[in-house]
Amino acid sequence: MFRYILRRLLQMVLAFFGTTLIVYALTFAGQGDPIQALAGERPVTPAQRAYLTEKYNLDQTGVGGFFYRYFDYVKDLLQGNLGESLTGRSIGDILQQAWPVTVRLALIALAVAIIFGVTAGVLAGIRRASIFDNSTLVLTLLVLGIPTIVLAPLAQYFLGVKWQLFPPTAGSDPTFYALLLPGIVLGSLSLATALRLTRASVAENLRADYVRTARSKGLVKRRIVIVHVLRNSLIPVVTFLGVELGNLMSGAIITEGVFNIPGVGFNLFRGIRTEDGPLVVGIVSVLVVVYLVSNLVVDVLYAVLDPRIRYE
Amino acid sequence: MTVQPTPASATPEGGHLLELRDLHVEFRTNEGVARVINGVSYHLDAGETLAVLGESGSGKSVTAQAIMGILDTPPAFVRSGQILYKGEDLLTRSEEQRRQVRGKEIAMIFQDALSALNPVFPVGWQIGETLRQRAGMSRADARRRAVELMDLVKIPGAAKRIGDYPHQFSGGMRQRVMIAMALALDPKVLIADEPTTALDVTVQAQIMDLLADLRRELNMAMILITHDLGVVAGVADRIAVMYAGRIVEHADVRSLYKAPAHPYTKGLLESIPRLDVRGQELSTIKGLPPNLMRIPSGCPFHPRCPYVQQVCVDEVPHDLVLGDGRTSACHFAQEVRDDSIAR
C-alpha cells in the first residue's frame, strides 16, 4: 500500500506539471497583446507598457519566451506564490477568501446527497418496485434531466424570490442559511446519482449468495440488511461520493454564479470572462492539486472498504 | 437374483427427525407459474445420510431452501404440504420461530463458498457472528470457539487464519469455513447443497470425507444434495432421485446402484463413464429436462423415456412400493428393475 501511494504521488507530480503547462499554454500562448487586453479600450502609455513588459517578461518572444515565462511561473508556484491577478490582487488572497465559501457549499451539497440520496436509495433498494421506489425513480430522472443552469434559477425564483423561504442570493461572506438553497441545488445532482447507485447496489446485494447464507445462519432480517448488505452496497457509493467531493470542492461555476456566491467557481468564471490569465491559471493549478489528492484518497479508501482490493 | 434388503431407514412410522409430506412449491413469475416442487415426500432419521439426486432444475435445492425457510418469497411460494421437524410442522410456525430453527437445528452449506461467504468480513468474524448473535457469546468467546471450529474442519493454522478474508483461501479451505460456520450451533441436521460442485476432483473427495467424518463424530443427520452419482456412493445411506419436482425413485444406495427401478435413474447410471467399457459411445438420456411451466402430462419423464407406453402419457404414476422401503414412480418399475438386474 505504501509503495502504491508513493507511486501515485509521483504520478501526481507529472500530472500536475502536465496540466499546468497545458492550461498556461491555452491561456497565454494565443494571446495577441496581453497588455492591451489588460487595459481594454483605454490607451496604454509607453511608460506603462515598458513597466508591464518587464514585469511579465514579455520581451522574450516565441516558444522560448513562453517556456521562460512558464518556468518562471512554476518557480513561484512551488514557493507557494500564485502570483497576482491582472487587477493587482494576490491570487493567494483571492483563494483564501473564496475557498472556505466553496468548501462550505460543497459540504452542504455532499451532506444533502448522503442524508437524502443514500437513505432513500437504501429504502428503494429494499422495497424494489414499490410506490416509493418508483416515485424516487421518476424524481431522480427529472433532476438528472434538468441542467443546473435551469434548475438553479428556477429554485432561486420560486424558493428565494416568490415564496421567500431562502435568501435568493448569498453575497460576500455568506451565512450557512444563505448557502443552504445553493447547496441543495448543487447537491441535487449528486443526490440523484447517489440514490440510483445505492438503490442498484442494495438491490443487487440483497440477491447475493452471502445474504442467503446469513439467513440460513438464523440472523434477524434487520441485521442482515444493516451489517451484511449495507457494508457491501456502500462500496461503490462511497467511491462515487469521494470523487464527487473532489468535484464540488473545485467550485460550482453555475451555482455560484446564479446565487452570487464569492467562491472558487465564481472567481474562476470572472477570471475567464475578464481574460485574467494569471487568475485562471492560478486557480486551475490549485484545483488540479485538489482533484488529484481527492482521487488518491478515494482510491485508498476503496482498498480500505473492500478487502479484495490490494494495490501493489 | 433378488434385490438385497438393506434396512438403513428402519425407524418406526412417525418417529422421523425430519419428514416432508407432499410438499408443493411454485414460482409465480410474470411469465406464468412454474411448478418447481410437485408433491415431494421424504424423511430423514437421526444420524443418517440421505442423498437427493437430480439434474439442475429438478427442484432439489428449492426443496432444501423450503426446509430452511429461506426461499425468496416472492417469487417462490409453498403451496401445500408439511415439513415436520421432530413431529412439528415448520410451515405452520411463525417466521421468528423458524428463524430459531435455522442454524441451531437445521444448518445448511452451499455450493459456491466464495459467493456464499460475505467478501468484506474476515472468516473468523463470520463464524463468530453466528455464535454471538444466536448463542449470546462474547466477542472473545466467539473468537475462541471459531478457532476451535476451524480446527475441527481441519483448516491448517486456524488461529492465524481467523482474520483472513474469504478470497484469501483456496476453494477447498473456503468450503471448510462454510462447514465450520454451519456447525457452530451444533445442528441436528446438516443440509449440504452440492458442497463439492465448485471444487477440483481431489478436493471434492477430501470435503466429502470430512463431511462424512463430521457427521459421524457429531451424530448429525445429513441431506446431501448433488447431481453427481459418484459423490453419493461412499457417503449416503439412502438416495432420493428427483425429476421435475418429484421424487421418482427412493431406495437404499446399494439396491439403487445394483438395480435402478426407474428409467431416469437407470439412464443416469448408464451415463457414467466406465473404464471397463471402452470404445463405446457414452450413453446419454435423450432430450432435455422439462420446462416447469409446461410439465408434460402423465409421467413427466415420458418424452425422454425408452419404456414409454400410452399409459405414461395419460396417467401420473404413483409411487410403486418394491419392498425394502424402495419406491419408484414408474408404471413399469418392476420391468425396469428386472431389466437392470438382467443386464
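The structure displayed is predicted, hence computed values, not measured ones.

### Some words on the overall build of chain B
Next, step 1: The helix and strand tally for chain B stands at 13 helices and twelve strands.
Next, step 2: Computed over the C-alpha atoms, the radius of gyration of chain B is 21 Å, within 12% of the 20 Å expected from 2.2 N^0.38 for a compact globule of 343 residues.
Next, step 3: Counting only C-alpha atoms and orienting by the principal axes, one finds that chain B spans roughly 65 × 50 × 45 Å.
Next, step 4: The proportion of buried residues among the 343 residues of chain B is 46%.
Next, step 5: Taking the contacts inside chain B whose residues are at least 6 apart along the sequence as the reference set, 66% of them involve residues at least 24 apart.

### Description of the sheet that holds strand β1 (residues 18–29) of chain B
All names here are of chain B.
Next, step 1: Reading across the sheet, the four strands line up as β2-β1-β4-β5 and stay open at both edges, with antiparallel pairing between neighbours. The open sheet is flanked by β2 (32–44) and β5 (88–89), the only strands paired with a single partner.
Next, step 2: Lying on the sheet, helix α1 (residues 60–68) is in contact with β1, β2 and β4 (76–85); it crosses β2 at an angle near 70°.

### Some thoughts on the packing of helix α5 (residues 91–126) of chain A against helix α10 (residues 221–249) of chain A
All names here are of chain A.
Next, step 1: Here α5 crosses α10 at 150°, and the two axes come no closer than 10 Å. The orientation of α5 relative to α10 falls into the category roughly antiparallel. Between α5 and α10 lies a crossing whose hand is right-handed. Residues Thr102, Val103, Ala106, Ala109, Leu110, Ala113, Ile114, Val118, Val122 and Ile126 of α5 form the contact with α10, whose own contacting residues are Val225, Leu230, Val237, Leu241, Glu244, Leu245, Leu248 and Met249.

### A look at the UniProt feature "transmembrane region" (unreviewed entry) in chain A
Residues and elements named next belong to chain A.
Next, step 1: Using the residue numbers shown here, the UniProt feature "transmembrane region" (unreviewed entry) corresponds to residues 12–30, 105–126, 138–159, 179–197, 224–243, 249–269 and 281–305.
Next, step 2: For residues 138–159, helix accounts for 91% and strand for 0%, while the C-alpha atoms at its two ends are 22 Å apart.
Next, step 3: Secondary structure across residues 224–243 divides into 100% helix and 0% strand, with the first and last C-alpha atoms of the span separated by 28 Å.

### Section: α1(B)
Residues and elements named next belong to chain B.
Next, step 1: Within α1, nine of the nine residues are buried, which leaves the element mostly enclosed by the surrounding structure.
Next, step 2: Listed as buried for α1 are Lys60, Ser61, Val62, Thr63, Ala64, Gln65, Ala66, Ile67 and Met68.
Next, step 3: Immediately downstream of α1, the backbone of glycine 69 shows phi near 75°, a positive value.

### Focus: the pairing of β4(B)
Looking down a regular strand, the side chains alternate between one sheet face and the other.
Residues and elements named next belong to chain B.
Next, step 1: Summarising the sheet, β1 and β4 pair through eight bridges and their orientation is antiparallel. What sits directly across from valine 25, in β4, is valine 78.
Next, step 2: Counted between consecutive antiparallel strands, the loop separating β4 from β5 contains two residues, among which lysine 86 sits at a positive phi close to 50°.

### Digging into the confidence of the model for chain A
Next, step 1: Per-residue pLDDT for chain A averages 85, and the proportion of residues at 70 or more is 96%.
Next, step 2: Ranking the helices and strands of chain A by mean pLDDT puts helix α9 (residues 209–216) of chain A first, with 93, and helix α2 (residues 34–39) of chain A last, with 69.

### Things to note about the interface of chain A and chain B
Next, step 1: Contact residues are listed per partner, giving 18 residues for chain A and 22 residues for chain B.
Next, step 2: When contributions to the side of chain A that touches chain B are tallied by element, the ones reaching two or more residues are α9 and α10 of chain A.
Next, step 3: Of the residues contributing to the side of chain A that touches chain B, the split by class is five nonpolar, five polar and eight charged.

About the criteria used
Residues numbered from 1 in each chain as written. Chains lettered and ligands numbered in written order. Predicted model: local features only at pLDDT ≥ 70, side-chain atom pairs only at ≥ 80, totals over all residues. Helix = DSSP H or I, 4+ residues; strand = E, 2+ residues; numbered from the N terminus. Rg over C-alpha atoms; globule rule 2.2 N^0.38 Å. Buried ≥ 20, exposed ≤ 12 C-beta atoms within 10 Å, placed from the backbone. Contact = placed C-beta atoms within 7 Å. Pairing = 2+ DSSP bridges. Axes fitted to C-alpha atoms, helices over the stretch in contact; angles between N-to-C directions. Parallel < 35°, antiparallel > 145°, perpendicular 65-115°, else oblique. Left-handed = near helix turned anticlockwise from the far one by under 90°. UniProt positions renumbered as here; feature names shortened; annotations may be inferred. pLDDT = per-residue confidence, 0-100. Nonpolar A, V, L, I, M, F, W, Y, C, P; charged D, E, K, R; others polar.

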